[in-house]
Each structure stands twice: as structure tokens, then as C-alpha cells.
Amino acid sequence: MKSGIIAVIGRANAGKSTLVNVLVGEKIAIVSPKPQTTRNAIMGVLNGENYQLVFVDTPGLYKSANKLTDIMMKATDDASKDVDFILYVHDGHGGVSNTDVALMKKYVSGKIPAAIAYTKTDIMPKERIAGDVKFLYENGIQVDIFPVSARKGTNIKKLKNYLAEAMPEGEKIIADDIISDKSQKFMVAEIMREKILLKFNDEVPHGIAVVVNRFAPGENGVYDINLDIVCEKPNHKAILIGKGGRAIKEVSSFARQDMEKFLGGKVFLTTYVRVEEDWRNKTGLIKDLVIL
Ligand SMILES: Nc1nc2c(ncn2[C@@H]2O[C@H](COP(=O)(O)OP(=O)(O)OP(=O)(O)O)[C@@H](O)[C@H]2O)c(=O)[nH]1
Ligand SMILES: [Mg+2]
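Everything numeric here is computed off the predicted structure, so don't read it as measured data.

Chemist: Is there a simple way to explain the environment of Lys-63 in this structure?
Modeler: In this structure, Lys-63 sits in the loop between β3 (51-57) and α2 (67-79). Considered as a pair, Lys-63 and Val-210 are 147 residues apart in the sequence and their alpha carbons are 23 Å apart.

Chemist: Even after reading the chapter, I still don't get the sheet that holds strand β2 (residues 42-47), so can you show me in this structure?
Modeler: Sheet strands associate in pairs through backbone hydrogen bonding, adopting either a parallel or an antiparallel arrangement. Taken in spatial order, the six strands of this open sheet run β2-β3-β1-β4-β5-β6, and their pairing is mixed. Taken across any chain shown, the strands that pair with only one partner, and hence form the sheet edges, are β2 and β6 (144-147). The average undirected angle you get between the axes of adjacent strands in this sheet is 25°. Inspection of the sheet shows strand β4 (residues 85-91) paired to strand β5 (residues 114-119) by six bridges, in the parallel sense.

Chemist: Please clarify how the site of ligand 1 should be interpreted in this entry.
Modeler: The immediate surroundings of ligand 1 are formed by 24 residues, with Gly-15, Ser-17, Thr-18, Thr-38 and Gly-60 found nearest. Tallying contributions element by element places helix α1 (residues 16-24) first for the shell around ligand 1, with three residues. Looking at the shell around ligand 1 residue by residue, the classes come out as eight nonpolar, twelve polar and four charged.

Chemist: Before we go on, may I ask you to explain the nonpolar core in this structure?
Modeler: A general feature of soluble globular proteins is that nonpolar side chains tend to end up buried together. In terms of nonpolar packing, the biggest core is built from 74 residues, with Ile-6, Val-8, Phe-55, Ile-86 and Tyr-88 touching the most fellow members. A total of seven residues in this core trace back to one element, the largest contributor, which is helix α6 (residues 184-199). When we break this core down by domain, the ones giving at least three residues each are domain 1 (2-166) and domain 2 (184-289). Filtering out sequence-adjacent residues up to four positions away, Tyr-88 remains in contact with Ile-9, Gly-10, Met-104, Tyr-107, Val-108, Ala-114 and Ile-116.

Chemist: Would you mind showing me how to read the domain arrangement of the chain here?
Modeler: Annotation of the chain at the domain level lists domain 1 (2-166) and domain 2 (184-289). A straight line from the C-alpha centre of domain 1 to that of domain 2 covers 28 Å. Counting residues at the interface gives nine residues for domain 1 and twelve residues for domain 2. Classifying every residue of the side of domain 1 that touches domain 2 gives three nonpolar, four polar and two charged.

Chemist: What should I look at first to understand the pairing of β4 in this one?
Modeler: Strand residues, when the strand is regular, have side chains that alternate between the two faces of the sheet. Where burial is concerned, most of β4 is hidden: seven out of the seven residues are buried. Of the two faces of β4, the one lined by Phe-85, Leu-87, Val-89 and Asp-91 and the one lined by Ile-86, Tyr-88 and His-90 are each fully buried. For the segment spanning β4, helix α3 (residues 98-108) and β5, crossover handedness is right-handed.

The rules behind each value
- What you see as residue numbers is a count from 1 along each chain, following the sequence as written.
- By the order in which they are written, chains take letters starting at A while ligands take numbers starting at 1.
- Residue-level local features of this predicted model are given only where pLDDT is at least 70; pairs of side-chain atoms are given and counted only at 80 or more, and the full residue set underlies all totals for whole chains, interfaces and linings.
- Numbering of helices and strands runs from the N terminus; a helix is a DSSP stretch of H or I covering at least four residues, while a strand is a stretch of E covering at least two.
- Paired strands are those between which DSSP finds at least two bridges.
- Fitted lines through C-alpha atoms give the axes, limited to the stretch in contact for helices. The angle between two N-to-C directions lies from 0 to 180 degrees.
- Each residue receives a C-beta atom placed from its backbone. It is near a molecule or strand if this atom lies within 6 Å of it.
- Classification used: nonpolar for Ala, Val, Leu, Ile, Met, Phe, Trp, Tyr, Cys and Pro, charged for Asp, Glu, Lys and Arg, polar for all others including Gly.
- Core membership is restricted to buried Ala, Val, Leu, Ile, Met, Phe, Trp, Tyr and Cys residues, and these are joined into a nonpolar core through C-beta atoms within 7 Å.
- Comment: burial labels come from other C-beta atoms within 10 Å of the residue's own C-beta, placed from the backbone, where a count of 20 or more is buried, 12 or fewer is exposed, and between is partly exposed.
- Domain limits in this description derive from either an automatic procedure or a database domain assignment.
- What counts as a contact here is a pair of residues whose C-beta atoms, placed from the backbone, lie within 7 Å.
- Think of it like this: strands point away, you trace from the first strand over the helix to the second, and a clockwise trace means the crossover is right-handed.

Here it is in C-alpha cells:
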């Protein structure tokens, strides 16, 4: 059989996590329209008939803004080493620039075999795809380029087969019943963060961390979950809570519904909002707040 580890790399917001979720067939990573959604390297496993693909979703390539982004970029850099393959994800609907070419080259021109997934083709004129692909080849990109849509499922099967074929011969790397390296507790925190990313704008969602204080599957099948939503400024706390607690109630309700779907049981969710001033620049706090 064929098996291997595939690092999924690309600019922030390119569509990496969406693509990994679709390839794996389960939601292993949260998704949002805001850059820097993914903060950790997250493993997702796809078991095929005669292959196993172990994807590593990574934090998107992004300019350094604080200690947290530095740590995230290191996680991405680390994940791009010692793998069998690099799948570079590019947001096709945003076009291709010289900066894109330079970034791609950094990851697809080394010793590790690589390919490019040119994604979001569902929201762009199809006529542009061929021109962009030509531009990339003319500018020195030498690996295969796959136009895909994670949202519509276009060319996903083709990409799976291609990746399976590209893996080295070998046994399974990960046991059959495991699809991610992250715990239920991690996913619960991430689901809360996803809902916050979707609801709030500007700096508020980026300065959020979610800490799970209690995660107890009860005997009656009800999960008792208590979490802290940590923000970095007192005025962010006020925005998060909202008038009469309306905002926090709304996001908590969306989060609870998703947690119930994910855990397959009822959830009793309590949340508390607290401030840790400028935590994204404090290494100790980052270690505590973002399980890296
Ligand atoms: N139309 C369309 N939208 C997509 C597709 N793939 C992803 N998106 C959207 O693009 C946005 C970013 O998706 P993510 O999967 O979170 O992107 P990411 O690369 O993981 O982002 P970071 O973790 O922040 O680096 C979300 O709003 C997705 O719904 C696609 O194939 N088509
Ligand atoms: Mg992501």
C-alpha cells in the first residue's frame, strides 16, 4: 500500500483547512473568512482502499505581527520539514501575483515532492484558470497544479488519487480508527473560537483564546463544558459580552449546537469572558492559552 505525510501549506485564508476537511471527510479544523484562523498544526487522516494519507493542516503564511504569529509561523515551518509531500494551497479567485510565485517556490522547489491546489474555482471565471496556470509555469513553477473547489467538491477525487499515487510504498502510519491528533477538548475550544471569528470583526476575534476549564462527559450523556474566552483588552470584553449579554449568548448558542453535533450528545455550556492584556505578545501566556 501507499502511505505518507502531506504538509498543507499556503497563505492565510487560502482555504487550507476547508480543503483538508473535505479530503479527510470530517471536520478536523475550524474555518472562517478571516486570516489566521488555524493556529496549530492539525493532523487529519484519510484511509483509502490501498492508501493512507496523513495531512497536516498548518497556520497560514502571514506577516509577523506579534509573538503568537511568530510561533504560528514556526509551527508551519516545522510542519513543512520531514514530510513525504507538500501540498501548497493557493486561493485562485484572488489571482496570482509575483509574491505568490515567490512564496510557492519556497515550498514547492525543494527536495520534497510537491503539488499546488489552486482552490476556490467555484467563485471565479473559469476562463482565468488556464491563464493563471500558464503564468505560474512561465515563472518557474515546476510542479503539478490542480484547480479544485473544496466547497463544491470539484476535482477532489482526482486530487486524492494523485496524492495517493505520489506517496511512497509503506504500511499505515496511523492506526485505523484515528482521524486527528487533536483531542475532543481541543476541538471544543476551537468550535467556540470559530463562532467568535464568524461573529466579530476587526481585532476582537484575533485576540481571542479559548480555554476549556471543565470537559466532563456526564453519565446521563450530557457533556458539562465550562470555558474561558480570553480577550486582550477590556473594551473587547465589553464587545464580546454585548448589551445585556446578548452577543455572548448568541455565539455560545451557535457553539453549543456545533459541539453537540461534534460530540454526538447534549452539551451544558457555561462561558466566562476574561482579559489578559496583550497576551499575544507574552510567550508564557501563549503556551497556556493556545495549545501549540
Ligand atoms: N467559495 C469557496 N470558498 C472557500 C473554498 N475553500 C475555502 N473557502 C472559504 O475561504 C475562507 C477561508 O477558508 P479556510 O479553510 O479557513 O482557510 P485557511 O487557509 O485554513 O485559513 P487560515 O487558517 O487562516 O490560514 C472561508 O470563508 C472558507 O469558507 C472554496 O473552495 N470555495
Ligand atoms: Mg486554516
